[in-house]
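# Examination of the molecular architecture
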Amino acid sequence: MGELTGYQLGVIGALFLSVASSVSIVICNKALMSNLGFPFATTLTSWHLVVTYCTLHVAHRLNFFENKRIDMKTVILFGILNGVSIGFLNLSLGFNSIGFYQMTKLAIIPFTVLLETLFLKKQFSQKIKLSLFVLLLGVGIASVTDLQLNFVGTILSLLAIATTCVGQILTNTIQKRLNVSSTQLLYQSAPFQAAILFVSGPLVDQYLTKQNVFAFKYSPLVLGFILLSCVIAVSVNFSTFLVIGKTSPVTYQVLGHLKTCLVLGFGYTLLHDPFTERNIIGILVAILGMGLYSYFCTHENKKKQMIDLSQGSQIKDKDSNTPLLGNQDKENHFEVKKATKDSLV
């Protein structure tokens, strides 16, 4: 029971860290890009990953965690896939309206459910699906404003959805099947994610912003915010792998929409962004969906644990009874044999 409580505390800590760090980095990056005019999102992400890897390398040297070797081909493909998914998400934002981009992010949950059902044979109850529908409806009401479609933007959005879903499913699957921790997986994959974005980032950003990241005038204030963003990103990247590993890709996406609601609220409170009744209604509906999802997940997990304990106790009883019967038969056989032997003598 104590072990279970410790695991639950670990999950709660991971969720809290993910929410706190993600909301912090959104506010930091919004100030950096909107107020200070630094628009190079993809390049900034590559710097995030470089700093993340360097931080983990120092932690490894100081023996904070033990490195575990993973098949190099798996790590390279996984790292490139995650780097490409970030690039596609940024391109999707560049080629589509804000509303369509939000729809793209909303579509990640149903696509993840579909992929896990088809390929991993994972079952989602009707109650879970209902709660996810309520959540997505609320976030859609709160954040989706305009929907402007174009062919290139739609293709990029589909690629962003596919690569993000597969990347997050693999984040969970690799940790469980290869028995590696979130830190070990992030440590080995971060260099490949950083490399793909370090090369493609300046090109993607120049195409989207018509500006050169190397020609940008870096003031001390801009450098300070970039450094702060990179430091927060270490926590964001670590908590992302931690949450997906401890829970599931769908739960991580649900958590992501909680962050969206919090960002809207903080944007109104701290940055005085416009806030309408539609935003308020959408956030309340989304919170209802998150509450239902959490309740149904907890209820189903408890039910599953009770079934597992019941099956375990039945197996234990069966195992404990079998030797007794076996010994009894053995003793009876010995007595018969002895009697026979005695009679022969």
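Residues numbered from 1 in each chain as written. Predicted model: local features only at pLDDT ≥ 70, side-chain atom pairs only at ≥ 80, totals over all residues. Heavy atoms only, no water.

Taking an unreviewed UniProt entry as the reference, the chain is identified by name as Sugar phosphate transporter domain-containing protein belonging to Ambrosia artemisiifolia. Check the Subcellular location (unreviewed entry) section of the UniProt entry for the chain; it says "Membrane". (UniProt positions renumbered as here; feature names shortened; annotations may be inferred.)

Another aspect to go through is the packing of aromatic side chains. The description of an aromatic ring pair uses the distance of the two centres, along with the angle that the planes make with each other. Evaluated as defined, the whole model comprises 11 aromatic pairs. Considering the side-chain rings of Tyr53 and Tyr187, the 5.4 Å spacing of their centres and the 10 degrees angle between planes classify their relative orientation as stacked. Here Tyr187 lies in helix H7 (residues 182-209) and Tyr53 lies in helix H2 (residues 41-61), a separation of 134 residues in the sequence. Ring centres of Phe78 and Phe241 lie 6.0 Å apart, and the angle between their planes is 85 degrees; this geometry places the pair in the edge-to-face category. Note that Phe78 is positioned in helix H3 (residues 72-95) and Phe241 in helix H8 (residues 220-246), a separation of 163 residues in sequence. Each member of the pair, Phe78 as well as Phe241, is classed as buried. (Phe/Tyr/Trp six-rings, centres within 6.5 Å; stacked < 30°, edge-to-face > 60°. Helix = DSSP H or I, 4+ residues; strand = E, 2+ residues; numbered from the N terminus. Buried < 20%, exposed > 50% of the residue type's maximum accessible area, 1.4 Å probe, protein only.)

Turning our eyes to something else, we now look at the pattern of salt bridges. A full pass over the atoms with the stated rule returns one salt bridge. Of the charged contacts, one joins Glu116 and Lys122 as a salt bridge, the two residues approaching to 3.9 Å between their closest N and O atoms. On the basis of relative accessibility, which here comes to 3%, the residue Glu116 falls in the buried class. The exposure class assigned to Lys122 is partly exposed, which follows from its relative accessible area of 30%. (Salt bridge = Lys/Arg side-chain N within 4 Å of Asp/Glu carboxyl O.)

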